[in-house]
Amino acid sequence: MSLEYFLNITGPMLEGARTTVVLFFLAIVTSIPLGFVFTLMVKSAVKPLAWIANAYIYVMRGTPLLLQMLFFCFGLPVIPVIGEYLVMDRFAAACLAFTLNYAAYFAEIFRGGLLAIDKGQYEAAQVLGLGRWHTMTRIILPQMFRIALPAVSNEAITLVKDTALLYAVAVPELLHFAQTAVNRDFTIMPFVVAGVIYLLMTLVLTLFFKLLERKFKFE
Amino acid sequence: MDKNIIEVTNLRKSFGALEVLKNVSLRVAPSEVVAVIGPSGSGKSTMLRSLAHLEVVNGGSIVIGGQDLVRDGVYPSGAKVREITSRMGMVFQHFNLFPHLTVRGNLELAPKLVKQLSAAEIARRASELLEKVGLQDKGESYPSNLSGGQKQRVAIARALMMSPEILLFDEPTSALDPELTGEVLQVMRQLAKERMTMVVVTHEMGFAREVADRVMFMADGEFIESGTPEQLFGSPQHERTQLFLNRVL
């Protein structure tokens, strides 16, 4: 195993890892706010909003992400009449599937965070004269995000690994280049390199969330 | 009429089929310290929470300083309710400090958001009150690093930040280790001396006896007996009061 070979395969794989990272960031920055919107809908006093959100969460958590991705890539375009307007770039379709799927999980994580907040917090805010908006933004949400942090970290790490599902819709990413190299060169090495790259990415995330947790320790 | 700052008349409150407040009436004069005692589940806390609008009653009236918080079971608009309840501060059994804010943050948040005061003025007042409760060196600590007694003193200072005319205490020492109740009671004693109007739901008979102007005994959702501490502790008239006092004293 020469260094030259190692560099040869690592180049395209890092290129693929860039796609992985882009998908990760797009999915995480969109699914967290969207998930929070669903949390608010579930908790809403307007019952139809709660039903919609609950149904949404049930469907998105109850079916495989892979199915959802295939649905957006190859399913939508074959719908009669409107299908032709629903053709998306495969990477865009995958991003959409990831966002919608992860939003459902984040919605449940944030809901758990809200449940963990003692009702005395709302009462203290009320007797101090804070309105609903201030109670939510200054008292409840900061605590909710703090409580949710470990679970969000977990979800973010799962998301990094789930990006490998792009393989199924033939968007070239990290795993795609590894597989190609293994097939071509008949060596296990590219898989090891891919594993190490995934580990490095999750390591960065782990450290990042550890840092956040320490920063928001409130001690 | 006007001489009472709190007038509660025929208050009724049920949780489902359970009638917690049957026909509760209460008068508190300005600067008066009223201790409410009684067995668990007698409705003491519910009565107090109704004053702060943390419970919605089913009937009766609450008048705070001449303003109707509720009249014959009917509440005014939300804005009106907020205006009236802003005249009262409340201290909870479990402190209910905001864990994500420092002690100073706990004190300053509500005045910053609700009152039209400058940040400098609020900070100065926070320093004053921290000193008053003996926690001037804890301003930058988070609640998780404080003892129970310190937390409750912060909670009292936080309530005072809003300059309430009335302070409501819901079993302020019940969650504390016995050796920590003294420091909290000391602060309350000081407030009584400064003529703060206080309604204190408490299990601290010693405090009720020493500080309260009037002690009221509640059982099964009604006030059974009330009087000066000497009367109520010295010669309770009602059999239920006697039974209760025998058990706790």
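Residues numbered from 1 in each chain as written. Chains lettered and ligands numbered in written order. Predicted model: local features only at pLDDT ≥ 70, side-chain atom pairs only at ≥ 80, totals over all residues. Heavy atoms only, no water.

Caption draft 1: Region of the structure containing the side chain of A:Asn101. All names here are of chain A. Within the secondary structure, Asn101 is located in helix α4 (residues 90–115). Residue classification places Asn101 among the buried residues on the basis of a relative accessible area of 4%. For Asn101, the residues in contact, after removing those within four places along its chain, are Tyr56, Met60, Thr63, Leu65 and Gln68. (Helix = DSSP H or I, 4+ residues; strand = E, 2+ residues; numbered from the N terminus. Buried < 20%, exposed > 50% of the residue type's maximum accessible area, 1.4 Å probe, protein only. Contact = heavy atoms within 4.5 Å.)

Caption draft 2: Structural view of the UniProt feature "transmembrane region" (unreviewed entry) in chain A. All names here are of chain A. When the UniProt feature table is mapped onto this chain numbering, "transmembrane region" (unreviewed entry) sits at residues 20–43, 55–79, 91–110 and 188–209. Within residues 20–43, the helical portion is 100% and the strand portion 0%, while the C-alpha atoms at the span's ends are 34 Å from each other. Annotated as residues 91–110, this span is 100% helix and 0% strand, and its ends, taken at the C-alpha atoms, are 28 Å apart. (UniProt positions renumbered as here; feature names shortened; annotations may be inferred.)

Caption draft 3: Summary view of helix α7 (residues 174–185) of chain A. Residue and element names in this part refer to chain A. Helix length check: α7 (12 residues) gives 17 Å between terminal C-alpha atoms against 16 Å at 1.5 Å per residue, within 8%. Every buried residue belonging to α7 is among Leu174, Ala178, Ala181 and Val182, and all of these are buried. Mapping the buried residues of α7 onto a view down its axis gives an arc of 100°, with all of them on the same face. Residues Asn183 and Arg184 are exposed on α7 and point more than 90 degrees away from its buried face. In the core, the buried residues of α7 are packed alongside α1 (3–43) and α8 (189–215). (Expected span 1.5 Å × (residues − 1). Arc of directions from axis to C-beta.)

Caption draft 4: Region of interest: the sheet that holds strand β10 (residues 222–227) of chain B. Residue and element names in this part refer to chain B. An order of β6-β7-β8-β3-β9-β10 is seen for the 6 strands of this open sheet, with the pairing classed as mixed. Across the chains shown, the open sheet's two edge strands, defined by having one partner strand only, are β6 (88–91) and β10. Strand after strand, the sheet turns through a mean of 20° between neighbouring axes, direction not considered. Across 4 bridges, strand β3 (residues 33–37) lies against strand β8 (residues 197–201) in parallel orientation. Pairing of Val33 across the sheet is with Met198, part of β8. (Pairing = 2+ DSSP bridges. Axes fitted to C-alpha atoms, helices over the stretch in contact; angles between N-to-C directions.)

Caption draft 5: Looking closely at unusual backbone geometry. Residue and element names in this part refer to chain A. One non-glycine residue, Val81, lies in the positive phi region at around 65°. Structurally, the position occupied by Val81 is in the loop between α3 (65–75) and α4. On the basis of relative accessibility, which here comes to 70%, the residue Val81 falls in the exposed class. Phi angles above zero are rare outside glycine, and Phe218 is one such case at about 60°. Here Phe218 shows up in the segment after α8.

Caption draft 6: Representation of the pattern of salt bridges within the structure. Taken as a whole and judged by the stated rule, the model has 22 salt bridges over all chains. The closest approach of N and O atoms between A:Glu108 and A:Arg61, which form a salt bridge, is 3.8 Å. Of the two residues, A:Glu108 sits in helix α4 while A:Arg61 sits in helix α2 (residues 47–62), which places them 47 residues apart along the sequence. Overall, A:Glu108 belongs to the buried group, its relative accessible area being 19%. Judged by its relative accessible area of 40%, A:Arg61 falls in the partly exposed class. Here B:Arg189 ties to B:Glu210 by a salt bridge, and the two come within 2.8 Å at their closest N and O atoms. Of this pair, B:Arg189 sits in helix α6 (residues 178–193) while B:Glu210 sits in helix α7 (residues 205–211), and the two are 21 residues apart along the sequence. One network of salt bridges, in which partners are shared, links A:Lys119, A:Glu123, B:Arg49 and B:Glu55. (Salt bridge = Lys/Arg side-chain N within 4 Å of Asp/Glu carboxyl O.)

Caption draft 7: Looking closely at the UniProt feature "domain: ABC transmembrane type-1" (unreviewed entry) in chain A. According to UniProt, the feature "domain: ABC transmembrane type-1" (unreviewed entry) maps to residues 17–209 of chain A in the numbering used here. The span residues 17–209 of chain A is 79% helical and 0% strand by assignment, and the distance between its end C-alpha atoms comes to 21 Å.

Caption draft 8: Representation of the interface of chain A and chain B. On the side of chain B, 22 residues touch chain A, which itself brings 19 residues to the contact. Here chain A and chain B share an interface that buries about 1900 Å² over both sides, 66% of which is from carbon and sulfur atoms. Across the salt bridge formed by B:Arg49 and A:Glu123, the nearest N and O atoms sit 2.6 Å from each other. Taken together, the links from chain A to chain B amount to 6 residue pairs in polar contact (both at pLDDT 80 or more). Of all the secondary-structure elements, those providing two or more residues to the side of chain A that touches chain B are α5 (119–127) and α6 (132–162) of chain A. Looking at which element gives the most residues to the side of chain A that touches chain B, the answer is α5(A), with 8 residues. Along the lines of polarity and charge, the residues of the side of chain A that touches chain B split into 8 nonpolar, 6 polar and 5 charged. (Buried area = accessible area lost by both parts, 1.4 Å probe. Polar contact = N/O pair within 3.5 Å; in protein donor to acceptor, adjacent residues only side chain to side chain. Nonpolar A, V, L, I, M, F, W, Y, C, P; charged D, E, K, R; others polar.)

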